[in-house]
Amino acid sequence: MDIFEALFTRRSIRKYTQEPVADEDVKLLLKAAMLAPSASNRQPWHFVVVRDARVRSAIAERHPYAKMAADAPVLIVVCADLNEEKTPGFWVQDCSAATQNIMLAARGKNLGSVWCGLHPVEDRMRIVREILNLPDNVMPLGLICLGHPAQPFSQADRFREDRIHYECW
């Protein structure tokens, strides 16, 4: 798929078929994630891949905006190891870039995805930290629900000329 087609047709997909997502597709998405830029090239990211239905349901029951996690065949929790940081705080940007790469790669494989926020909401972070038994130095940024879409992709146009400023505000 052309990169611009992937960009212009990527949507938040919240409904999935029960068709399994191949291990090699998940690995490809994670390879794409690890190609993201990161501050000082520290690459602080870690990824927790969740396929277990009980774990997915536990997250869906406790996260107020991730009900679709119970039905998504795969969850990817994007985290950062704070011990890998050189410049404090940049892990958020690093892991956000990795998250975007996963979602674009998913679209390229005709997989649906949606990003459910965790950081900076302490309650949401705590839920995932407890369920996945994350170490104290590992911060969860976001949860990606992933699967074969049971709803269509559609092209969007969100271009707004009024949001562009040249040379100064």
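What comes next concerns the included structure. Just so we're clear, the structure is a prediction, and the values are computed from it rather than from any experiment.

Here is what the cut-offs are and how they apply
Residues numbered from 1 in each chain as written. Predicted model: local features only at pLDDT ≥ 70, side-chain atom pairs only at ≥ 80, totals over all residues. Heavy atoms only, no water. Helix = DSSP H or I, 4+ residues; strand = E, 2+ residues; numbered from the N terminus. Buried < 20%, exposed > 50% of the residue type's maximum accessible area, 1.4 Å probe, protein only. Contact = heavy atoms within 4.5 Å. Areas by Shrake-Rupley, 256 points an atom, 1.4 Å probe, with all protein chains shown as cover. Lys, Arg positive; Asp, Glu negative; His and termini not counted. Charge placed at Lys NZ, Arg CZ, Asp CG, Glu CD. Axes fitted to C-alpha atoms, helices over the stretch in contact; angles between N-to-C directions. Parallel < 35°, antiparallel > 145°, perpendicular 65-115°, else oblique. Left-handed = near helix turned anticlockwise from the far one by under 90°. Pairing = 2+ DSSP bridges. Nonpolar A, V, L, I, M, F, W, Y, C, P; charged D, E, K, R; others polar. Expected span 1.5 Å × (residues − 1).

Some points on the overall build of the chain
Each helix and strand counted, the chain has five helices and four strands in total. When the helices and strands of the chain are placed in sequence order, the string is α-α-β-α-β-α-β-α-β. C-alpha extents for the chain along the principal axes are approximately 50 × 40 × 30 Å. Taking all 169 residues of the chain together, 43% fall into the buried category. A separation of at least 24 residues holds for 79% of the contacts in the chain among residues at least 6 apart in sequence. With the model as given, the accessible surface of the chain reaches about 9600 Å², and the carbon-plus-sulfur share is 52%. Side-chain charges of the chain comprise 21 positive and 21 negative groups, with the mean position of each set lying 3 Å from the other.

Some points on the packing of helix 2 (residues 23-33) against helix 4 (residues 91-108)
The interhelical angle for the contact between helix 2 and helix 4, taken along N-to-C directions, is 140°, at an axis separation of 7 Å. Relative to helix 4, helix 2 is oriented oblique. Considering how the two elements wind past one another, helix 2 and helix 4 form a crossing that is right-handed. For the pair helix 2 and helix 4, the contacting residues are Leu29, Leu30, Ala32 and Ala33 in the first and Ala98, Asn101, Ile102, Ala105 and Ala106 in the second.

Brief notes about the pairing of strand 4 (residues 138-147)
Counted residue by residue, strand 4 has ten buried out of ten residues, so it is predominantly covered. Across eight bridges, the pairing between strand 2 (residues 74-81) and strand 4 is antiparallel. Its bridge partner being in strand 4, Cys79 is matched across the sheet by Pro140. Bridging between strand 3 (residues 112-117) and strand 4 involves six bridges; their strand directions are antiparallel. Bridge pairing in strand 4 places Trp115 opposite Ile144.

Thoughts on the packing of helix 3 (residues 53-62) against helix 5 (residues 122-132)
Between helix 3 and helix 5, the shortest axis-to-axis distance is 10 Å and the interhelical angle comes to 160°. Classed by the angle they form, the pair helix 3 and helix 5 counts as roughly antiparallel. Where helix 3 crosses over helix 5, the handedness of that crossing is right-handed. Residues Val55, Ala58, Ile59 and Arg62 of helix 3 touch helix 5, and the partners they reach there are Ile127, Glu130, Ile131 and Leu132. Along the lines of polarity and charge, the residues of the contact of helix 3 with helix 5 split into six nonpolar, no polar and two charged.

Re helix 4
The end-to-end C-alpha distance of helix 4 is 26 Å, a good match for the 26 Å that 18 residues give at a rise of 1.5 Å each. Within the sequence span of helix 4, burial applies to Trp91, Asp94, Cys95, Ala98, Thr99, Ile102, Met103, Leu104, Ala105, Ala106 and Arg107. Buried residues in helix 4 make contact with helix 1 (3-9), helix 2, strand 1 (45-50), strand 2, strand 3 and strand 4. Downstream of helix 4 by one or two residues, Asn110 has phi in the positive range, about 60°.

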